[in-house]
Amino acid sequence: MFRRGCSRLFKQSSHRSHPIDFSLKRNLTYLSQPQFRTSIYTPHFVNSNTSLHRNSKMTLITISQSLDESYTKNEIIPDVIDEFETQGLLSIEYGPTELVTLGNTLAKASTQEPPKIQLTLNSPTEDGKIESISPDDKFILVFTDPDAPSRTDHKWSEYLHWLVTDLKLPDTKTESGEASISHFINAKDGHELFPYVGPGPPPKTGKHRYVFLLYKQDPDVEKPEAPKDRRNWGTDVPGSGVRDWIKKAAPNSKLLAVNFYYSQNEDP
């Protein structure tokens, strides 16, 4: 099922040139590594046009399990979010070699500018079910640090690094009229409540988790109210963050996809 989605994705992407298409390929390759295997999962990139071998045993449930296990293993669940049903893969690219791949480590210096972002939705199930996206839908993009100032001291956490609401996704339909499963996300297409601020972990505080989240915005809320501050998302409650803000500002928003990485000060 996921293989069909990927095949459709790469077919769609073959008509456009964008470096982040290849970050999706590398993310899928990363997910094929042994630490993420929960069942037989063997992607085969057979040639340079990024098509997938038709016999690849790549099921959606395996990918979803890999994502869920990564969220749990790194305590994104429950520290940042509750359990949710993953609707796709959020690809994040700071540069050709600076990819966010579910818990890898990136240098602080290489993550100070906003990254390129792509959402790849799950392909339809056998009964045709898929997360529907219409031209009227809006989205919320979040980048947050639950380890401020450290993993054991949450007096500043979560720390809000980026918040964009009322985002619109381009190209909801393919040229053939099918529902598109690949969407490039541009923060300029939304309402930036807090501009991007790159990671700044203090010295001697170890590795911090930096988490990207994409929500389908509550359809009954236009321009959600901004948090009062970056620290604790303005609540002054240690450990409070995006989960509490969503419940208050846009309660019927739906979490679609998550990705994250680690970074630390040069003086660890």
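Above: the structure in question.
The shown structure was predicted, so the numbers you read here are calculated from the model rather than taken from an experiment.

Draft legend 1. Structural view of the side chain of Ser240. The topology assignment puts Ser240 in the loop between strand S9 (208-216) and helix H5 (242-249). We classify Ser240 as buried; its relative accessible area is 3%. Reaching out from Ser240, the side chain makes a polar contact with the side chain of Thr235 at a distance of 3.2 Å. With residues up to four places along the chain from it excluded, the contact list for Ser240 reads Ser157, Glu158, Asn232, Trp233 and Thr235.

Draft legend 2. Inspection of the side chain of Asp137 at higher detail. Along the chain, Asp137 falls in the loop between strand S4 (116-121) and strand S5 (139-145). Here the side chain of Asp137 touches Ser134 through a polar contact of 2.8 Å, landing on its backbone nitrogen. Not counting residues up to four positions away in its chain, the partners in contact with Asp137 are Ser132, Leu167, Lys168 and Lys216.

Draft legend 3. Spotlight on the pattern of salt bridges. Taken as a whole, this structure holds 9 salt bridges when the rule is applied. Between Glu75 and Arg151 there is a salt bridge; the shortest N-O distance is 2.9 Å. Taken together, the positions of Glu75 in the loop between helix H3 (60-73) and helix H4 (76-79) and Arg151 in the loop between S5 and strand S6 (159-167) put the pair 76 residues apart, joining distant regions of the chain. For Arg151, a relative accessible area of 28% corresponds to the partly exposed category. Salt-bridge contacts for Asp82 lead to Arg243; the nearest nitrogen and oxygen are separated by 2.8 Å. Residue Asp82 is found in the loop between H4 and strand S1 (88-95), and its partner Arg243 is found in helix H5; the two are separated by 161 residues along the sequence. For Asp82, a relative accessible area of 44% corresponds to the partly exposed category. The class of Arg243 is partly exposed, set by a relative accessible area of 22%.

Draft legend 4. Representation of the packing of aromatic side chains in the model. Applying the stated criterion across every chain, the model contains 11 aromatic pairs. On the basis of an interplanar angle of 45° and a centroid distance of 6.0 Å, the ring pair of Phe143 and Tyr210 is categorised as tilted. Note that Phe143 is positioned in strand S5 and Tyr210 in strand S9, a separation of 67 residues in sequence. Both residues of the pair, Phe143 and Tyr210, count as buried. Following the ring pairs from residue to residue traces out a cluster consisting of Tyr94, Phe143, Trp162, Tyr196, Tyr210, Phe212 and Tyr261. Above the face of the Trp156 ring, Arg231 is positioned so that its terminal group lies 4.3 Å from the ring centre.

Draft legend 5. The arrangement of the sheet that holds strand S2 (residues 98-100) in detail. Within the open sheet, the 4 strands sit side by side as S2-S1-S4-S7. Their pairing is antiparallel. Of all strands in the sheet, those bounded by a partner on one side alone are S2 and strand S7 (182-185). Between one strand and the next, the sheet's axes are offset by a mean angle of 20°, whatever the strand orientation. As defined by bridge partners, S4 adjoins S7 across 4 bridges and the pair is classed as antiparallel. Bridging from a neighbouring strand, Gln118 pairs with Phe184 of S7.

Draft legend 6. Examining the sheet that holds S9 more closely. With mixed pairing, the 6 strands of this open sheet are ordered in space as S3-S10-S9-S5-S6-S8. The sheet terminates laterally at strand S3 (104-105) and strand S8 (191-194), the two strands that pair on one side only. Inspection of the sheet shows S5 paired to S9 by 6 bridges, in the antiparallel sense. Opposite Val142, over in S9, you have Leu213 as the bridge partner.

Each value, and the rule that gives it
Residues numbered from 1 in each chain as written. Predicted model: local features only at pLDDT ≥ 70, side-chain atom pairs only at ≥ 80, totals over all residues. Heavy atoms only, no water. Helix = DSSP H or I, 4+ residues; strand = E, 2+ residues; numbered from the N terminus. Buried < 20%, exposed > 50% of the residue type's maximum accessible area, 1.4 Å probe, protein only. Polar contact = N/O pair within 3.5 Å; in protein donor to acceptor, adjacent residues only side chain to side chain. Contact = heavy atoms within 4.5 Å. Salt bridge = Lys/Arg side-chain N within 4 Å of Asp/Glu carboxyl O. Phe/Tyr/Trp six-rings, centres within 6.5 Å; stacked < 30°, edge-to-face > 60°. Lys NZ or Arg CZ within 6 Å of the ring centre and 35° of its normal. Pairing = 2+ DSSP bridges. Axes fitted to C-alpha atoms, helices over the stretch in contact; angles between N-to-C directions.

Honestly, that's just the spatial picture; any functional story needs more than this.
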